[in-house]
Amino acid sequence: MNKPNMHYAELKDSYLFYNISQKIKAYLEQNPGTHLYRMGIGDVSRPLCEEVIKALHGAVDDQAGAETFHGYMPEQGAPFLRETIAKHYASRGVKLESDEVFVSSGASDELGDILDLFDRENSALVIEPAYPAYVDANVIAGRKIVHLPAGRKNGFLPSPSEDAVADIIYICSPNNPTGAVFNKVQLKEWVDFANKNGSVILFDAAYEAFIEDDTLPRSIFEIEGARTCAIEICSLSKTAGFTGTRLGYTVIPKDLVREGLRFNDMWVRNRTTKTNGVSYIIQRGGAAVFTDEGRRQIMENIRYYKNNAKILTDALDELGIWYTGGKNAPYVWMECPKGLKSWELFDILLTKAQVVGTPGEGFGACGEGYFRFSSFGSREDTVEAAERIKKLFG
Ligand code: PLP
């Protein structure tokens, strides 16, 4: 008799986005035709940049010619893209070999798959509030989760603690949902802690491109000692609008070794067993992101979102409301005004200002009393939402 993975029964239902959509549906049924200012979305709204589109078209044409056609791609990624990404890191002072870079079809896939490298007896530390996939992927694998709550006192950037030691450590910086970014000193504490305890850090750098303060680390490999304790998972989803196109990359240094096993070799073995590579066409599109012109064009979109974030944070500054994020991240994480709970604020914003955000409680218990706005919407909606928030709480 087949026995399913019973750990699925332990997963908490994710009510967050379902509840939000139900509340919106009910509101629109009572108020048909009302325009909502949607500041809750985690998806991008700007199209792919011209350089990427050009490269995608070129790659489609390649597939039409016998001489230029590509079949299966190498499982670890096309050499042209692995080299391009390694050069991109080098331009920021991080030395990588191109075979330390693995091309993926996105960070979500990779965050789940990478757990194949770890024993099921390993424990996983999650700094909360957190992107829900970290907890869920480990619950499915039956791992023990160590929760490390963050809060306003540490700016949602907690230091490691000997009371919260685990074999796998998730760090997301710039953070979703809080928009907070670890500085080099803070990140060094985590690297030293991981090396001391033999832990491995899974560093989620999905929002690195939003960092504009050059003193802040965009990669964990800017920190001395990270090559022996970290894996970096990155994505072009928010960097270059690839949410629907799908491309990411993972860096596994050859110096990351536990019990005599090299994680880089293990991942080669894993990829060659479990994938047949990422589409040639998409990898060509991805490579265009790293050209000078591609870089310039994607930064225009990022600036557009960052200006949206500034419109929101200017409004909160005017109101004297505490928040993190926005400056080096696409998310703004605010304290709910007037001591409101996060779902209470959701209801008030929806019904009194027609503004939709994301209640912090949905990202873990310590998100209660906080609220997330995203800057991925349109400029017009963001401007109007900020005005409405000011009117409501001014
Ligand atoms: N990591 C974080 C922190 C995210 O917020 C997201 C998407 O919202 C992802 C990973 C997933 O990115 P991808 O689209 O590459 O799967």
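Residues numbered from 1 in each chain as written. Predicted model: local features only at pLDDT ≥ 70, side-chain atom pairs only at ≥ 80, totals over all residues. Heavy atoms only, no water.

(A) Seen up close, the sheet that holds strand 11 (residues 323–325). Taking strand neighbours across the sheet as the criterion, the four strands line up as 11-12-15-14 in an open arrangement whose pairing is antiparallel. Across the chains shown, the open sheet's two edge strands, defined by having one partner strand only, are strand 11 and strand 14 (358–359). In this structure, strand 11 lies alongside strand 12 (residues 331–335), joined through three bridges in antiparallel fashion. The partner of tyrosine 323 across the bridge, within strand 12, is methionine 334. (Pairing = 2+ DSSP bridges. Helix = DSSP H or I, 4+ residues; strand = E, 2+ residues; numbered from the N terminus.)

(B) Spotlight on the packing of helix 2 (residues 50–62) against helix 9 (residues 280–288). At a minimum axis separation of 8 Å, helix 2 and helix 9 run at an interaxial angle of 150°. Considered as vectors, helix 2 and helix 9 are oriented roughly antiparallel to each other. For the pair helix 2 and helix 9, the crossing hand works out as right-handed. Of helix 9, the residues touching helix 2 (which contributes Glu51, Val52, Ala55, Leu56, Ala59, Val60 and Asp62) are Tyr280, Ile281, Ile282, Arg284, Gly285 and Ala288. By residue class, the composition of the contact of helix 2 with helix 9 is nine nonpolar, one polar and three charged. (Axes fitted to C-alpha atoms, helices over the stretch in contact; angles between N-to-C directions. Parallel < 35°, antiparallel > 145°, perpendicular 65-115°, else oblique. Left-handed = near helix turned anticlockwise from the far one by under 90°. Contact = heavy atoms within 4.5 Å. Nonpolar A, V, L, I, M, F, W, Y, C, P; charged D, E, K, R; others polar.)

(C) Just the packing of aromatic side chains, in detail. Taken as a whole, this structure holds 21 aromatic pairs when the rule is applied. Judged by centre distance (6.2 Å) and plane angle (70°), the rings of tryptophan 333 and phenylalanine 363 are edge-to-face. Here tryptophan 333 is found in strand 12, whereas its partner phenylalanine 363 is found in the loop between strand 14 and strand 15 (370–374), with 30 residues between them in sequence. Residue tryptophan 333 is classed as buried on the basis of its relative accessible area of 0%. Residue classification places phenylalanine 363 among the buried residues on the basis of a relative accessible area of 5%. Measuring from centroid to centroid gives 5.7 Å for tryptophan 333 and tyrosine 370, while their planes differ by 5°, and the two rings are stacked. (Phe/Tyr/Trp six-rings, centres within 6.5 Å; stacked < 30°, edge-to-face > 60°. Buried < 20%, exposed > 50% of the residue type's maximum accessible area, 1.4 Å probe, protein only.)

(D) Summary view of the nonpolar core. Grouped together as the largest cluster of nonpolar side chains are 85 residues, with contacts concentrated most on Trp190, Ile201 and Phe373. Among the elements that take part in this core, helix 11 (residues 342–353) stands out by supplying six residues, more than any other. The residues that make up this core include at least three from each of domain 1 (9–48 + 294–393) and domain 2 (51–291). Discounting chain neighbours no more than four positions away, the residues touching phenylalanine 373 are Met39, Leu312, Pro330, Tyr331, Val332, Met334, Leu349, Val355, Gly357 and Ile389. Ranked by size, the runner-up nonpolar core spans 26 residues in total, among them Leu115, Val126, Ile145 and Leu256. (Core = buried A, V, L, I, M, F, W, Y, C linked by side-chain atoms within 4.5 Å. Domains from an automatic or database assignment.)

(E) Looking closely at the pattern of salt bridges. Evaluation of the coordinates by the stated rule reveals 24 salt bridges. Close ionic contact of glutamate 51 with lysine 54 constitutes a salt bridge, the shortest N to O distance being 3.0 Å. With a gap of three residues between them, glutamate 51 and lysine 54 both fall in helix 2, about one helical turn apart. Residue lysine 54 is classed as exposed on the basis of its relative accessible area of 53%. For lysine 310, the salt bridge identified is with aspartate 314, shortest N-O distance 3.0 Å. Of this pair, lysine 310 and aspartate 314 both sit in helix 10 (residues 292–319), four residues apart, roughly one helical turn. Assessed through its relative accessible area of 46%, lysine 310 is described here as partly exposed. (Salt bridge = Lys/Arg side-chain N within 4 Å of Asp/Glu carboxyl O.)

(F) Here's a closer look at the domain arrangement of the protein chain. When the domains of the protein chain are assigned, the result is domain 1 (9–48 + 294–393) and domain 2 (51–291). The C-alpha centroid of domain 2 is placed 26 Å from the C-alpha centroid of domain 1. Across the interface of domain 1 and domain 2, roughly 3100 Å² is buried in total on both sides, 62% from carbon and sulfur atoms. Interface area lost by domain 1 to domain 2 is led by Leu48, Arg295 and Asn328, which between them contribute 24%. Taken together, the links from domain 1 to domain 2 amount to two salt bridges. Its salt-bridge partner being arginine 152, residue glutamate 335 comes within 2.7 Å of it at the nearest N-O pair. Run the count over domain 1 and domain 2 and you get 15 residue pairs in polar contact (both at pLDDT 80 or more). Considering every element that reaches the side of domain 1 that touches domain 2, the biggest residue donor is helix 10, with eight residues. When its residues are assigned to classes, the side of domain 1 that touches domain 2 shows 16 nonpolar, six polar and seven charged. (Buried area = accessible area lost by both parts, 1.4 Å probe. Polar contact = N/O pair within 3.5 Å; in protein donor to acceptor, adjacent residues only side chain to side chain.)

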